[in-house]
Amino acid sequence: MTNRSVQLQLGLGACIAALFLIFVAIPQWVAAPSNIRNIFLSPLFWPYSLAGFTALAGLGLIAAGLRDSGDETPLNEASEDPARAWVRLAGMAAIMIVIMYLLPRLGMVWTCMLTFAATAFLVRTRHPIAALICAVAVPLVLYAFFAHVAGVAIPQGTIVRLP
């Protein structure tokens with residue numbers, strides 16, 4: 001697969017998923033009362049927002065794929081050692097098992113931070129510093145929004161609690 005074909009396929013898949021969410025899934029399976037005063041707290045606002053962002057990302061990928069007239073070299077070469085794939089799969093399974101045990105003890109935010117970092121290094125990210133920054137910042141920002149703005153209770157652990 002070339003970079004262009006990957007971008008076109010991912011963009012098309014994202015657009016199809018967004019259309020399914022907007023026209024089928026959200027209207028049928030998300031219930032929302034009509035008397036909500038704050039649009040940001042409506043159960044329909046965030047699903048539609050995420051579906052819209054997914055559609056925009058898909059259109060951006062399609063545009064980038066159509067604009068890319070680069071060479072037709074394959075994106076990834078086959079691995080010489082197929083056993084490494086099994087080791088990564090076992091590592092991912094181990095991370096999932098550890099998540100089950102850490103969630104009640106550390107809570108959702110701290111467990112998500114550790115999971116994001118461990119997964120990023122398991123797949124050997126090209127940007128380890130950015131992965132660590134995102135591993136800390138994304139769960140904290142989401143916690144701050146949902147716990148303090150939206151008023152949603154986020155599961156806290158027995159060992160460490162956030163304000």
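Structural data are supplied above this passage.
Residues numbered from 1 in each chain as written. Predicted model: local features only at pLDDT ≥ 70, side-chain atom pairs only at ≥ 80, totals over all residues. Heavy atoms only, no water.

Participant: Please provide a residue-by-residue account of the nonpolar core, values included.
Facilitator: Proteins that are soluble and globular tend to have nonpolar side chains buried together. Grouped together as the largest cluster of nonpolar side chains are 5 residues: Val109, Met113, Tyr143, Ile154 and Leu162. Once residues within four sequence positions are removed from consideration, Val109 is found in contact with Pro139, Leu140, Tyr143, Ile154 and Leu162. (Core = buried A, V, L, I, M, F, W, Y, C linked by side-chain atoms within 4.5 Å. Buried < 20%, exposed > 50% of the residue type's maximum accessible area, 1.4 Å probe, protein only. Contact = heavy atoms within 4.5 Å.)

Participant: An account of a nonpolar patch on the surface is needed here, citing residue identities and associated values.
Facilitator: Taken together, the side chains of Leu19, Phe20, Leu21, Phe23, Val24 and Trp29 present a nonpolar region at the surface, about 640 Å² in accessible area. Among the structural elements, Phe20 can be located in helix 1 (residues 3–29). (Patch = residues over 30% accessible without salt bridge, like charges linked within 9 Å, V, L, I, M, F, W, Y side chains within 5 Å. Areas by Shrake-Rupley, 256 points an atom, 1.4 Å probe, with all protein chains shown as cover. Salt bridge = Lys/Arg side-chain N within 4 Å of Asp/Glu carboxyl O. Helix = DSSP H or I, 4+ residues; strand = E, 2+ residues; numbered from the N terminus.)

Participant: Give a detailed account of helix 4 (residues 108–122), specifying residues and quantitative values.
Facilitator: Think of an α-helix as turning once every 3.6 residues; residues three or four places apart then point the same way. Relative to the 21 Å expected for 15 residues at 1.5 Å per residue, helix 4 spans 20 Å between its end C-alpha atoms, a close match to the ideal helical length. Every buried residue belonging to helix 4 is among Val109, Thr111, Met113, Ala117 and Ala120, and all of these are buried. For helix 4, the secondary structure elements touched by its buried residues are helix 3 (83–106) and helix 5 (128–149). Positive backbone phi, at 55°, marks Arg124, one or two positions downstream of helix 4. (Expected span 1.5 Å × (residues − 1).)

Participant: Account for the layout of surface pockets, with residues named and values stated.
Facilitator: One number sums up the size of the largest pocket: a volume of about 210 Å³. The wall of the largest pocket is formed by Phe40, Leu41, Ser42, Trp46, Leu50, Phe145, Phe146, Ala150 and Val152. Mapped onto the lining of the largest pocket, the elements with two or more residues apiece are helix 2 (45–67) and helix 5. Looking at the lining of the largest pocket residue by residue, the class counts come to 8 nonpolar, 1 polar and no charged. (1 Å grid on protein atoms, 1.4 Å probe; cavity = no way out; pocket = protein on both sides within 12 Å on 5 of 7 lines; lining within 4 Å. Points joined across faces, edges and corners; volume = space filled by probe spheres on them. Nonpolar A, V, L, I, M, F, W, Y, C, P; charged D, E, K, R; others polar.)

Participant: Quick one: what's the story with the environment of Ala150, residue by residue and with numbers?
Facilitator: Here Ala150 is to be found in the segment after helix 5. Relative accessible area serves as the criterion here: at 21%, Ala150 is assigned to the partly exposed category. For the pair Ala150 and Arg4, spaced 146 residues apart in sequence, the C-alpha separation works out to 40 Å. Beyond its immediate stretch of four places on either side in the chain, Ala150 contacts Leu41 and Phe145.

Participant: Kindly report on unusual backbone geometry, identifying the contributing residues and their values.
Facilitator: You will see that Arg124, though not glycine, has its phi angle at about 55°, which is positive. Among the secondary structure elements, Arg124 is positioned in the loop between helix 4 and helix 5. On the basis of relative accessible area, Arg124 is assigned to the exposed category, the value being 53%.

Don't take any of this as a statement about function, it's just geometry.
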